[in-house]
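# Observations on the three-dimensional arrangement
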Amino acid sequence: MKTTRLIIVAVGGQGNLLASKVIGEAALQSGVPVGMSEIHGMAQRGGVVESAIVFGDAQSNIIADGEADVVVGFEPLETLRALNKCNADTIVITSLAPLSPSTAITGTCPYPELKKLKAIIRAKTAKLIAFDAAALAAQTGNVLAVNMVLLGALIQTGTIPLTVDNVKTAITTISKQAFAASNLEAFELGFDAAKTSD
Amino acid sequence: MHRLLKARPGQKMLLLGNEAIARGAIEAGVGVATTYPGTPSSEISMNFFQIALETDLYFEYSTNEKVALEVAAASATCGVRSICVMKHVGLNVAADALLTLAYVGVKGGLVIVTADDPFMFSSQNEQDNRYYAKLAGLPLLEPSSAQEAKDMVAYAFDISEKLQEPVIFRTTTRINHSTETVIPGEIQAPQTHGDFTKDPFNYVPIPAVARNLHARLLNRLKEAEELSETSAYNISTGNGRWGIVCNSVSYKYVVDAVTDLNMGGKTKILRIGFSHPLPKALLKNFLKECEKVLVVEEGEPYMEEALKAFAQEERLTLPIKGKSEELFSRLYEYNPAIVRQCLATYFDVAHKSPAVPDLSDLPEIPQRPPTLCAGCSHRATFYVVKKAAEGMETICPTDIGCYTLGFLPPLSMGDFLICMGASVGTSCGFSKVTDKKVIAFIGDSTFFHSGIPPLINAVFNNHNFTMVILDNGTTAMTGHQPHPGTDMTALNLEGYGHVSIEAIVRAAGVSQVAAIKPYRLKKSIAAVKEALNYKGVSVIISQEPCTLYAKSLKKLRGKPFFVSEKCKNHKDCINELACPAFFIQNKRVKIDPTLCVGCTVCAQICPEKAIVPLKEKVL
Ligand code: SF4
Ligand code: SF4
């Protein structure tokens, strides 16, 4: 099976690990070989969390610079920072809701303008899908569902070997019961947003 | 039932490497598990902790790795299969026990898991613990995947019992924190009770005994080498004349690189999973069949040096390379691209490196360093000490925990760090040879781990510094594991004792001791000032639960604060505290009500009294 390499970047607490879990479970249930690797050292203290997910026959489950087929960023600045994982054929999906790091707040280094940020990513990769995932999550009444919104967008692109049904089933199995409905709704909103995003 | 107990044999599941190791131990009928928490090993013990609540397994968070190993050594000596889990630097702490335990040996299986951390994702060094196996003369196993990690634990117990020696089980972060498909096996009921038969001439290594025991260890090492020669974990594939010797996670990168570079027909790979003692005969035969050999191993040239020595013994002159300027580094971790590149270079195969986009025109991207949580009590303590020490020239040795992050601006509290407990030991030295005010910062768990002997040293040798114990009731950084000062009843757990930090400090002979509540800034600053002005050893115990922990126990009472119109935009709050709940909108300071936990610290320092509690409940 062809190897597909996916990177998810987020800020600690954004639910990146849950999204990876759903993806892993969906792959397991549909018989797609999958390996994942996470760096979550001090994740809860506001640092960057990165998951690498490799589908297919490759043995390695970390992804070197320039070798990601898809990058999903839960936060625009982190998406920009992950550009080193991309190449000219990479598809990038990002939320546009910024979470300023302390260094930007205290003014040592300004947060880049979103318009410019989008232009840069667009210029260096094959495709950029960008929208405010936090706003869509808020629509479901569950502000923590940013991860599911972006998962919906990811599945819409058809870049990873998982079907809508696989993933929805995995969301239902893995989510805490109280959040299952809002997570599915968030998934749908993200899926639709990816269709129309410029 | 716990997920790892529920898993049905034969049914594929996704497991984190650390979960796979825990499951492997359960399958092997482990009876005793001990640890001191440390990333990247922590999830192994976290699972044992939970499983022990449902089964006969005895698990404990020991005060430090040396104690953890001693507990497990004794239970294994009584015939109970035991496992002791730690991060790589933990083995330094346990090394004193380890090296003589190798002489004394065990009866029941003892597996010592050391989780190495190449690239130092969450560690202060990237030492290669394979050398401990060599130093101690003990068998060493290294898995390459989660499945193998699980299976190898049972194998490790078997070897340990066969040789009557502990076995070192070495992982790296990418094994611990990778999630892969694993097929569970059958669970063996744990045997948790053993017996001890007196046998001082084997168990008490006074010099005359130890001389015999060392000789016995060398014999066992020979036996271990025979096991290594035929071990199913030393795997050879391919028939080519280009040899690649590799271990651990590098094996996967090698397999992928050989496929990508289309060199399968020409290569022969030997993956070493039983890496001490190395299978000498196997490796020598491998060398004889090869034209040239590349060694792929993260960390130190452990196998490379051995291979070169073996080649010398056989008068073989083929090129053997690994670490060098143009090939592999001793630094950091490898990845598929690095391995592919080095294989291509060494065997001279055409290869296209990935087209990384040119990022030279990117604007400067603000870093996102990890920060103390919103409302973290450490932030308050650092602020208090900083204010109390205003005007003094200070040296602030710090220690290992979330509070290490206090070294970052704007708090900038933390000037020197080596290892667990060293804030206190080094304070003795700093205060002796300088005229500066020395302030040691140490967490509660670290205090129990290794802060007590240096404190006693300070009292005995009459040193002059202030020790600030950041007591937040838990081992926060590694995921809120309990320690002897933790209130276990809050977790509804019975059968634990409780040790008072203050009582220990006083018993050590410190008379200038004050407990503070760091959120009460004024009072706390006064108390710290008094401690700083004291000549001799003074101790401040700053007591306030870890915010994240309190949140998880649903014990946070504070209401969020907001910045009212009274704000004159001095930005003192941001410039002095930098609580992550602050953000700037339209050039004005705001507080994110979903992050703010209402610790009140910013409100107390605002000169305009502009920060006030939010009345209505948000969220
Ligand atoms: S986990 Fe606890 S101790 Fe660590 S930064 Fe957060 S609040 Fe502070
Ligand atoms: S009260 Fe102030 S310092 Fe405390 S958590 Fe809220 S914003 Fe942060």
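Residues numbered from 1 in each chain as written. Chains lettered and ligands numbered in written order. Predicted model: local features only at pLDDT ≥ 70, side-chain atom pairs only at ≥ 80, totals over all residues. Heavy atoms only, no water.

A few words now on the side chain of K284(B). Residue and element names in this part refer to chain B. Residue placement: K284 occurs in helix α12 (residues 280–288). Classification of K284 by relative accessible area gives buried; the value is 12%. Apart from residues no more than four positions distant in its own chain, K284 is found in contact with F310, E313, E314 and L316. (Helix = DSSP H or I, 4+ residues; strand = E, 2+ residues; numbered from the N terminus. Buried < 20%, exposed > 50% of the residue type's maximum accessible area, 1.4 Å probe, protein only. Contact = heavy atoms within 4.5 Å.)

Turning our attention to the site of ligand 1. Of all residues adjacent to ligand 1, which total 12 residues, the nearest are C373(B), C376(B), C402(B), N472(B) and C546(B). Ligand 1 is flanked by residues contributed from chains A and B. Within the shell around ligand 1, the residues separate by chemical class into seven nonpolar, four polar and one charged. (Near = heavy atom within 4 Å. Nonpolar A, V, L, I, M, F, W, Y, C, P; charged D, E, K, R; others polar.)

All names here are of chain B. With the rule as written, the count across this model stands at 16 aromatic pairs over all chains. Between Y131 and Y302 the ring centres are 5.5 Å apart and the planes differ by 85°, which places this aromatic pair in the edge-to-face class. Taken together, the residues span a long stretch of sequence, with Y131 in helix α6 (residues 130–136) and Y302 in helix α13 (residues 302–313) at a distance of 171 residues. Relative accessible area serves as the criterion here: at 27%, Y131 is assigned to the partly exposed category. Under the relative-accessibility criterion, Y302 is labelled buried at 3%. Centre to centre, the rings of F447 and F448 are 5.7 Å apart; their planes meet at 70°, and the pair counts as edge-to-face. Taking relative accessible area as the criterion, F448 reaches 9% and is therefore assigned buried. Over the aromatic face of Y251 sits the side chain of R271, whose NZ or CZ is 5.5 Å from the ring centroid. (Phe/Tyr/Trp six-rings, centres within 6.5 Å; stacked < 30°, edge-to-face > 60°. Lys NZ or Arg CZ within 6 Å of the ring centre and 35° of its normal.)

Residues and elements named next belong to chain B. It is at 8 Å that the axes of helix α2 (residues 17–27) and helix α7 (residues 146–163) come closest, and there the two elements cross at 30°. Classified by the angle between their axes, α2 and α7 sit roughly parallel to one another. Pair α2 / α7 crosses with right-handed handedness. Side by side, α2 and α7 meet where G17, A20, I21, R23, G24, A25 and E27 of the first sit next to A146, A149, K150, V153 and F157 of the second. Its residues placed into classes, the contact of α2 with α7 shows seven nonpolar, two polar and three charged. (Axes fitted to C-alpha atoms, helices over the stretch in contact; angles between N-to-C directions. Parallel < 35°, antiparallel > 145°, perpendicular 65-115°, else oblique. Left-handed = near helix turned anticlockwise from the far one by under 90°.)

Here we come to the domain arrangement of chain B. Interface size, as often reported, equals the accessible area lost upon joining of the parts. Residues and elements named next belong to chain B. As assigned here, chain B comprises domain 1 (3–229), domain 2 (235–346), domain 3 (377–487 + 497–552) and domain 4 (561–613). For domain 1 and domain 3, the distance between their C-alpha centres works out to 33 Å. Both sides of the domain 1 and domain 3 interface together cover about 970 Å² of buried area, and 63% of this is carbon and sulfur. Summed over the three residues of domain 1 that lose the most area to domain 3, namely Y36, T63 and Q124, the buried surface amounts to 44% of that side. Summed over the shared surface of domain 1 and domain 3, the result is zero salt bridges. In this structure, the connection of domain 1 to domain 3 is made through three residue pairs in polar contact (both at pLDDT 80 or more). Top contributing element to the side of domain 1 that touches domain 3 by residue count: helix α3 (residues 42–52), with three residues. The class makeup of the residues in the side of domain 1 that touches domain 3 is six nonpolar, six polar and one charged. (Domains from an automatic or database assignment. Buried area = accessible area lost by both parts, 1.4 Å probe. Salt bridge = Lys/Arg side-chain N within 4 Å of Asp/Glu carboxyl O. Polar contact = N/O pair within 3.5 Å; in protein donor to acceptor, adjacent residues only side chain to side chain.)

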